[in-house]
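# Notes for the structure review
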Amino acid sequence: MRPNSREEMALLVRELEEVAGSDEASEGISGDLRQCIRTFRRIERSLEQMVPYLRADNERLAGLLNQLRSGEGATFDADDLALLESMPPPLTGNWQEDVTEANTRNESLRDLLGRIIRAGGCSSREARADSRGVLMESIRSRPW
Amino acid sequence: MSPGAVPGAARDQMGERLARFFADRLPGSAPVVTGIRRLSAGRSRQNWAFDLTYRSGREVVTESLILRRDPKGGLVETDRQTEFAVLSCLEATKVPAPVARWIDVDGTWFGSPSLIMRREPGDCDYYILNGDRPLPERVALARAFCDLVGDVHRVDVESCGLVDVLAVPVDPARDQLDYWESVLREDQLEAYPEIDLALAWLRDSLPPPAAPVLVHGDFKPGNILVEGPDVSALLDWELAHLGDPAEDLGWVTQPLRTREHLIDGHWSQSDLLEHYERHTGTSVAPDSLRWWNVFAALRTAVMQVSGLRSYLEGRSSEPYRPTSSVLGTLLEGAWQLEGGTG
């Protein structure tokens, strides 16, 4: 469907830039609009990298959680196991659907990791070192 | 909207609110408010400067005042009544805190809780230690800031009444960790395993309980008024509490704030700590300081989580979020607490 998300974003940025640059915009309004433009541009820049990032992060998180599962102290219920055992679906080519799917899985995996940590299932030095490694990689490779 | 660029309507509205407030608080003294303007300093509050003239007996008095009003949403939610009481206690000490004059506890008069304080001279500059002033002046200011935080910690909290206003912690580090974790749980809208992991590490390596002192809670040049070469006031006491003095030092020396507190090649972390130890006659345990450094990053991350919630709920216009830099610093610091490297 046209305009697609990227094109709509570009149109919005163009309109905002026109208003922000006009003589009629006060200094305060102009500052607010420029903040909006910066936010849009950051989203725009990360769009292309969003799906690959989320899918790679999901793989790392699932790998870590499977490791914790075999260690001591971590309890996984049936839903948690189903999440870990499910495979990510193939990409559809529809950007919005692919991002939504990868992001939902990412949120679920991060939520599970947080719960395992809070429940004491990540208390050995080794488990913490592995978790720290995976989370640092997530932070370092973020496209935004 | 950038602070200072305040539309006339907002200024007029504030003028009306102030007029009604002082008519109530100073009946029969003909209060007149002039020179209202919004100031830029203070990210968590709205600051309005103005002058108040009124009759006191046969005299006509003019006071330069500042109103600090809570925003609808921000990085921290604190109690204005306690802050007012803390400022009142500090009047009896040598700490240059603003004189608290009036309070609108529940926002009846100003729309949200507000404090009115005497306006002190000088300017705040987050990066004054690395700004345009000549190097000797900047180093002298760095020493003065260090003395100031030491003076805060040396306040006799019993004789000035602070022990009646602030809770006395049995285990300051554990109490602070509990408090900020409760803020996180209340405000988080999604999982932050990075913060959960850091919390687990921090809980496993709590420093020994310290004898509680007055802790400012947000000590930084951005909260210090400087007039010429001198400190004129230490502002923003909303996070003040009784706790471990290493908490303020951990906040000041955390890796995320070096540009605010240190001067490359001329005022290092060891200079700061040595000066502090000389000034206060106390020593700072390195392990404890490292723990409070990590705690400082944790607190920053939690404040960003709260800020994000305020933004998403439309209570703040600043798009805060837990940044990669803060989460990365937090995880690395926590990892090093356990002796990890690389």
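Note on numbering: residues in each chain are counted from 1, in written sequence order. Just so you know, chain letters begin at A and ligand numbers begin at 1, following the order they were written in. Owing to the predicted nature of the model, reporting of local features is limited to residues with pLDDT of at least 70; listing and counting of side-chain atom pairs is limited to 80 or more, with chain, interface and lining totals taken over all residues. Note: side-chain values were computed over all heavy atoms of the structure, leaving out hydrogens and water.

## Remarks on the overall build of chain B
Stated formally: Secondary structure is summarised from DSSP: a helix means a run of H or I of at least four residues, a strand means a run of E of at least two, and numbering begins at the N terminus for each. Note that the radius of gyration is over C-alpha atoms, with the globule rule given as 2.2 Å times the number of residues to the power 0.38. For every residue, the accessible area obtained with a 1.4 Å probe (protein chains only) is divided by the maximum for its type, and the residue is called buried under 20%, exposed over 50%, and partly exposed between those limits. Contact definition: two residues touch when any of their heavy atoms are within 4.5 Å. For the area figures, the Shrake-Rupley method with a 1.4 Å probe applies, and any residue is considered shielded solely by the protein chains shown. Neither His nor the chain termini are counted; the positive set is Lys and Arg, and the negative set is Asp and Glu. Taken as the charge centre is NZ of Lys, CZ of Arg, CG of Asp or CD of Glu, depending on the residue.
Secondary structure summary: chain B contains 11 helices and nine strands in total. Relative to a compact globule of 342 residues, whose C-alpha radius of gyration would be 20 Å, chain B shows 21 Å and is just as compact. Principal axes of the C-alpha set define a box for chain B whose edges measure 65 × 45 × 40 Å. The buried share of chain B, reckoned over its 342 residues, is 52%. Restricting the contact set of chain B to residue pairs at least 6 apart, pairs at least 24 apart contribute 70%. Counting only carbon and sulfur atoms, one obtains 49% of the accessible surface of chain B, whose full area is about 14,700 Å². Charge separation in chain B, taken as the distance between the mean sites of 34 positive and 51 negative side-chain charges, equals 7 Å.

## Quick look at empty space enclosed by the protein
Residue and element names in this part refer to chain B. Heads up, the condition is: Using protein atoms alone on a 1 Å grid, points that fit a 1.4 Å probe yet trap it form a cavity, whereas open point sets bounded by protein on both sides within 12 Å along at least five of seven lines form a pocket; residues with an atom within 4 Å of a point count as lining. Grid points are joined across faces, edges and corners, and a volume is the space filled by probe spheres set on the points. Throughout this entry, Asp, Glu, Lys and Arg are counted as charged residues, while Ala, Val, Leu, Ile, Met, Phe, Trp, Tyr, Cys and Pro are counted as nonpolar. The remaining residues, Gly among them, count as polar.
Taken as a whole and judged by the stated rule, the model has one cavity of 30 Å³ or more. Its boundaries defined by the atoms lining it, the largest cavity holds a volume of some 60 Å³. Every residue along the wall of the largest cavity is listed here: Leu-129, Ala-142, Phe-145, Cys-146, Val-149, Phe-219, Val-252, His-261, Trp-267 and Leu-272. With four residues, helix α3 (residues 135–153) is the largest single contributor of residues to the lining of the largest cavity. Of the residues in the lining of the largest cavity, the class split is nine nonpolar, one polar and no charged.

## Here's the deal with the confidence of the model for chain B
Residue and element names in this part refer to chain B. In plain terms, the rule: Residue-level confidence of the predictor is summarised by pLDDT, bounded by 0 at the bottom and 100 at the top.
On average, residues of chain B carry a pLDDT of 92, and 93% of them reach 70 or more. The low-confidence segment residues 1–5, where pLDDT is below 50, has nine contacts with residues more than four positions distant or belonging to other chains. On the interface metric, ipTM, the complex scores 0.85, and its pTM is 0.88.

## A few points about the interface of chain A and chain B
Heads up, the rule is: The quantity reported as buried area is the accessible area (1.4 Å probe) lost by two parts once they are put together, taken as the sum for both. A pair is scored as a salt bridge if a Lys or Arg side-chain nitrogen falls within 4 Å of a carboxyl oxygen belonging to Asp or Glu.
Listed by partner, the interface residues are 20 residues for chain A and 27 residues for chain B. For the pair chain A and chain B, the summed buried surface comes to about 2,300 Å²; carbon and sulfur atoms form 56% of the total. Broken down residue by residue, the surface that chain A buries against chain B is led by Arg-125, Arg-128 and Arg-132 of chain A, which jointly contribute 30%. Linking chain A with chain B are six salt bridges, by the criterion used here.

## Thoughts on the sheet that holds strand β3 (residues 59–69) of chain B
Residues and elements named next belong to chain B. Selection criterion: Paired strands, in this sense, are two strands between which DSSP finds at least two bridges. The axes are straight lines fitted to the C-alpha atoms, using for helices just the contacting stretch, and the angles between their N-to-C directions are given from 0 to 180°.
Taken in spatial order, the five strands of this open sheet run β1-β2-β3-β5-β4, and their pairing is antiparallel. Looking at strand neighbours, the two that pair on one side only are β1 (32–39) and β4 (100–104), the edges of this open sheet. Strand after strand, the sheet turns through a mean of 25 degrees between neighbouring axes, direction not considered. Where β4 and strand β5 (residues 114–118) come together, four bridges link them in antiparallel fashion. Counterpart to Ala-100 in the pairing with β5 is Met-117. Packing of helix α2 (residues 80–90) onto the sheet brings it into contact with β3, β4 and β5, and relative to β4 it is tilted by some 170 degrees.

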